[in-house]
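Structure at a glance
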Amino acid sequence: MKLYEIVIKPKSAFYTSLQGDTIFGNLCWQIENAGFNLPDLLSDYAEKPFMIVSSAFYKNDKGGYLFNRPLLPSHFLFPDQTAANRKENDDKKNFIYDGSNTLKLNGLNWYNDFTPVKRTNAQHNTINRQTGTTGEGEFAPFSQEVYFFDESVNLVIFAAIDESRFSKEKLEIIFENLGKTGYGKKASIGYGQFEVLEVKESVILREAAEAIKNSGKYNSLYALSPFVPSEDNKRDYKIYFDPITKYGKHGAGLAKSSNPFKKPVIMANTASVLSFQNASAEKFPLYVGAAVKNVSDANPETVVQGYSLVLPCYLEVK
């Protein structure tokens, strides 16, 4: 598989966070709409994925990527932590990495000076569609989180594709179409729109692998999206993670079916760490996880991207 990075600029607010498995689901509809034979591409996705996409990350103008704090116990990330600096360490949510050196999880280049995403709660209320009002006794306010991006923000999404089955040109088309139609919830009223600035081959994994080889220190993987650990992953790695439950819903025509909702899927969240003691710095996996099937009654062929691309890294455990 060949790794690309898609640089996008948000053009509206987003109702749905840009997580890898959800981006994949949205892209599948764009594949279908473009006539690229989605059923064939998904027929063996559990054995041979044609595409795996990451969550979105901020990329600065100096070539650095702003990644989420690894989901590790604090004493791993901050070996010298004391009661005096605990609060300061708790506020460290992101780190910068450019692939030029070994990604050492015990000594990250923390970056706290810029918050690319601003969250706010949008207030809503249940409406009686027949009367156009909240109705008597039906006042039921609720809030939903909305994501706003600074105008200077560029985001990057990593995508690995099997070029024998899915080309870079097709990758560009589906991302451009998704940016125009909108991603996630409320896309039909203008949310989730973005501009594709660039689609290019990504070198960060190659550079990270080279740095690992030169240092001779490699025993962990950093997950770039939510994933479902495979049986092999659970056997071979010690996994540090936060669980996240995905309550999926079909889009397009299936959104109006009698049962548009998918079965819940529990995943390990973005920034999970898979650690193992005996690893060869000559070879590491491009991705971990497993595809998830049997999640939809409306469309039995539905597949959830339970895979995650990974960065090789080093975790010093004392």
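For the structure itself, consult the block above.
Okay, so let's go over this structure. All values reported here derive from a predicted model rather than from experimental measurement.

Reading the values: the criteria
- Residues numbered from 1 in each chain as written.
- Predicted model: local features only at pLDDT ≥ 70, side-chain atom pairs only at ≥ 80, totals over all residues.
- Heavy atoms only, no water.
- Pairing = 2+ DSSP bridges.
- Helix = DSSP H or I, 4+ residues; strand = E, 2+ residues; numbered from the N terminus.
- Axes fitted to C-alpha atoms, helices over the stretch in contact; angles between N-to-C directions.
- Parallel < 35°, antiparallel > 145°, perpendicular 65-115°, else oblique.
- Contact = heavy atoms within 4.5 Å.
- Nonpolar A, V, L, I, M, F, W, Y, C, P; charged D, E, K, R; others polar.
- Expected span 1.5 Å × (residues − 1).
- Buried < 20%, exposed > 50% of the residue type's maximum accessible area, 1.4 Å probe, protein only.
- Arc of directions from axis to C-beta.
- Salt bridge = Lys/Arg side-chain N within 4 Å of Asp/Glu carboxyl O.
- Phe/Tyr/Trp six-rings, centres within 6.5 Å; stacked < 30°, edge-to-face > 60°.
- Polar contact = N/O pair within 3.5 Å; in protein donor to acceptor, adjacent residues only side chain to side chain.

**Side note on the sheet that holds strand β14 (residues 287-289)**
Ordered in space as β10-β13-β9-β15-β14, the 5 strands form an open sheet in which the pairing is antiparallel. Pairing within the sheet leaves two strands with one partner each, and these edge strands are β10 (238-240) and β14. The average undirected angle you get between the axes of adjacent strands in this sheet is 35 degrees. Here β14 runs beside strand β15 (residues 307-313); their pairing, made up of 3 bridges, is antiparallel. For valine 288, the partnering residue across the bridge sits in β15 and is serine 308.

**A closer look at the packing of helix α1 (residues 20-33) against helix α5 (residues 168-181)**
One can describe the packing of α1 onto α5 by two numbers: an axis separation of 9 Å at closest approach and a directional angle of 100 degrees. By the angle between their axes, α1 is roughly perpendicular relative to α5. For the pair α1 and α5, the contacting residues are Ile23, Asn26, Leu27, Gln30 and Ile31 in the first and Ile174, Phe175, Asn177, Leu178 and Thr181 in the second. In terms of residue class, the contact of α1 with α5 is made up of 6 nonpolar, 4 polar and no charged.

**Re the environment of lysine 200**
Along the polypeptide, lysine 200 turns up in strand β8 (residues 194-201). The residues touching lysine 200, leaving out its near neighbours within four places in the chain, are Tyr4, Glu5 and Lys59.

**Digging into α5**
Here α5 is 14 residues long and its end C-alpha atoms lie 20 Å apart, about the 20 Å a rise of 1.5 Å per residue gives. Those residues of α5 that sit buried are Leu171, Ile174, Phe175, Leu178 and Gly179. All buried residues of α5 lie within an arc of 135 degrees about the axis, which places them on one face of the element. Looking at the packing, one finds that the buried side of α5 touches β1 (2-10), α1, β2 (51-59), β7 (155-161) and β8. Positive backbone phi, at 105 degrees, marks glycine 182, one or two positions downstream of α5.

**With respect to the pattern of salt bridges**
For the structure on display, the rule yields 12 salt bridges. Note that lysine 234 is salt-bridged to glutamate 231, the shortest N-O span being 3.0 Å. Here the residue lysine 234 and the residue glutamate 231 both occupy positions in helix α7 (residues 231-236), the gap between them amounting to 3 residues, near one helical turn. Using a relative accessible area of 48% as the deciding quantity, one classes lysine 234 as partly exposed. In this structure, arginine 235 engages aspartate 236 in a salt bridge whose closest nitrogen and oxygen atoms are separated by 2.9 Å. Since its relative accessible area comes to 42%, aspartate 236 is described here as partly exposed.

**Section: the packing of aromatic side chains**
Scanning the entire structure with this criterion turns up 22 aromatic pairs. Judged by centre distance (5.5 Å) and plane angle (65 degrees), the rings of phenylalanine 50 and phenylalanine 166 are edge-to-face. Taken together, the residues phenylalanine 50 in the loop between α2 (38-42) and β2 and phenylalanine 166 in the loop between β7 and α5 connect sequence positions 116 residues apart. Accessibility expressed as a relative area gives 0% for phenylalanine 50, which makes it buried.

**Describing the side chain of glutamine 305**
With respect to the secondary-structure elements, glutamine 305 resides in the loop between β14 and β15. Polar contacts involving the side chain of glutamine 305 include one to the main-chain amide nitrogen of valine 53, which spans 2.9 Å. Once residues within four sequence positions are removed from consideration, glutamine 305 is found in contact with Gly20, Asp21, Phe24, Tyr45, Met51, Ile52, Val53, Ser225, Pro226 and Met267.

**Some thoughts on the sheet that holds β7**
Strand pairing within a sheet occurs via backbone hydrogen bonds; the two strands may be parallel or antiparallel. If you trace the 6 strands from one edge of the open sheet to the other, you get β4-β3-β2-β7-β1-β8, paired in antiparallel fashion. Of all strands in the sheet, those with a lone pairing partner are β4 (94-97) and β8, marking the two edges. For this sheet, the mean inter-axis angle between neighbouring strands, taken without regard to orientation, is 35 degrees. Docked against the sheet, α1 engages β2 and β7, running at close to 120 degrees with respect to β2.

These figures come from the coordinates and say nothing about function on their own.
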